[in-house]
Amino acid sequence: DTPAKREIDSVVTDELSQKVKRAKADNENGGGEVGKEPESENILREFKTSNVLSDSAREKNIFIHGKLADQEAVVILEKTPIREDTLAELFSGSRLKLEMKNDIYSTYRLQAPPHLNEIKTTVVCPATEKHVKKYQRQESFLVEETGEDYQSITLPYIQKQSFSVQWVYNILEKKAEADRIVYEDPDPKVGFVLLPDFKWDQKQVDDLYLIAIAHQRDTRSLRDLTSEHLPLLQNIFQKGKDAILERYKLPASKLRVYLHYQPSYYHLHVHFTKLGYEAPGCGVERAHLLADVIQNLQSNHQYYKSRTLYFPSEGRRRTAQQVQGDGEA
Ligand code: GTA
């Protein structure tokens with residue numbers, strides 16, 4: 001371990017041990033006090049599985065389509081990383097069952113205490129057909145999109161049928177996740193909200209994932225950016241990095257800061273992930289480093305309006321031109 005990593009871990013560990021202390025105190029006091037992590041009713045007891053959309057033994061997750069009451073739903077289950085700060089408790093507080101022993105080698109099944117064996121669970125309900133498709137494992141193909149293709153094919157499509165960005169407006173208006181905000185610049189033109197992405201459980205910095213959501217509402221994606229957006233992008237870049245350094249002790253040299261093209265949600269936002277963590281969608285076919293975006297706009301103020309952009313698209317093989325025929329982008 002490097003001293004920097006130990007420092008980062010200790011920040012998270014501090015936050016975590018505070019949480020544990022609070023939870024223990026709440027337990028001893030019979031619960032119900034302020035500070036206790038809210039226990040939710042198990043809505044998944046009623047979940048009826050229809051089919052598995054995808055799963056991965058390596059990533060230890062599964063995406064399930066089903067019904068919650070009468071509504072379509074997608075449930076994502078994901079095993080979380082094993083944290084160094086829980087090892088002592090894991091070793092001392094678990095049951096160990098021998099599977100096999102051979103010479104110096106032996107394998108066991110370790111039955112950890114429940115609080116060290118949680119599964120991160122995401123529920124999308126009611127889920128649209130588009131959500132179901134998004135999480136379904138499908139072969140993907142690289143689409144080539146010129147500036148004209150964007151105007152004549154992609155733009156009409158996203159105006160008609162992109163995912164709702166209500167969740168984004170809820171964040172900007174403090175109707176949801178207000179207590180999770182890490183940093184905010186309230187300026188309507190260059191301001192933004194920085195908060196943990198919902199894929200990150202915030203238990204360890206190793207898979208740090210935050211998103212910065214612009215306050216301005218008229219910028220859909222990379223394609224809309226011109227040099228007029230430079231003050232906004234530079235502000236997000238600088239203040240986002242500063243806030244992450246302050247809160248998580250992670251320097252800019254440890255961050256991957258990028259935009260997706262195409263995004264799922266057409267409201268300008270920037271992804272901040274820890275370098276080395278292979279976040280979904282961080283590959284070169286989808287992620288555009290914010291530093292590059294800024295430089296490209298500095299050298300050509302219409303760069304993203306005119307460039308051919310490439311992005312992966314699931315389902316049938318199609319180019320932007322072919323998409324015109326079947327009405328899908
Ligand atoms: N804080 O309500 C939210 C919220 N929603 C609805 C989305 N995000 C949210 N964050 C908060 N609160 O990083 C986050 C998303 C994403 C970003 C939008 O906003 O987690 P994008 O517009 O570029 O869309 O970014 P993107 O990247 O396609 O979305 P997403 O959902 O990350 O999907 C990419 C792939 O990641 C999926 O196809 C799937 O393979 C994988 N994935 C998605 N969700 C999960 C999950 N919960 N666990 C594991 N893998 C997941």
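In case you missed it, the structure is sitting above this.
Residues numbered from 1 in each chain as written. Predicted model: local features only at pLDDT ≥ 70, side-chain atom pairs only at ≥ 80, totals over all residues. Heavy atoms only, no water.

A. Region of the structure containing the packing of aromatic side chains. In total, this model carries seven aromatic pairs according to the counting rule given. Centroid distance tryptophan 167 to tyrosine 265: 5.1 Å. Interplanar angle 85°. Geometry classified as edge-to-face. Pair noted here: tryptophan 167 is in helix H5 (residues 166-172) and tyrosine 265 is in the loop between strand S11 (255-260) and strand S12 (269-274), with a separation of 98 residues, a long-range link. Judged by its relative accessible area of 16%, tyrosine 265 is buried. (Phe/Tyr/Trp six-rings, centres within 6.5 Å; stacked < 30°, edge-to-face > 60°. Helix = DSSP H or I, 4+ residues; strand = E, 2+ residues; numbered from the N terminus. Buried < 20%, exposed > 50% of the residue type's maximum accessible area, 1.4 Å probe, protein only.)

B. Representation of unusual backbone geometry in the model. Cis geometry is adopted by the peptide bond preceding proline 126, which originates at cysteine 125 and carries an omega value of 0°. Going from tyrosine 261 to glutamine 262, the amide bond is cis rather than trans, its omega being -10°. Within the secondary structure layout, glutamine 262 lies in the loop between S11 and S12. Positioned with a positive phi, alanine 69 is a non-glycine residue whose angle comes to about 55°. Relative to the assigned elements, alanine 69 resides in the loop between strand S2 (61-68) and strand S3 (71-79). Alanine 69 gets classed as exposed once you look at its relative accessible area, which sits at 63%. Although it is not a glycine, lysine 249 adopts a positive phi angle of roughly 60°. For lysine 249, a relative accessible area of 34% translates into the label partly exposed.

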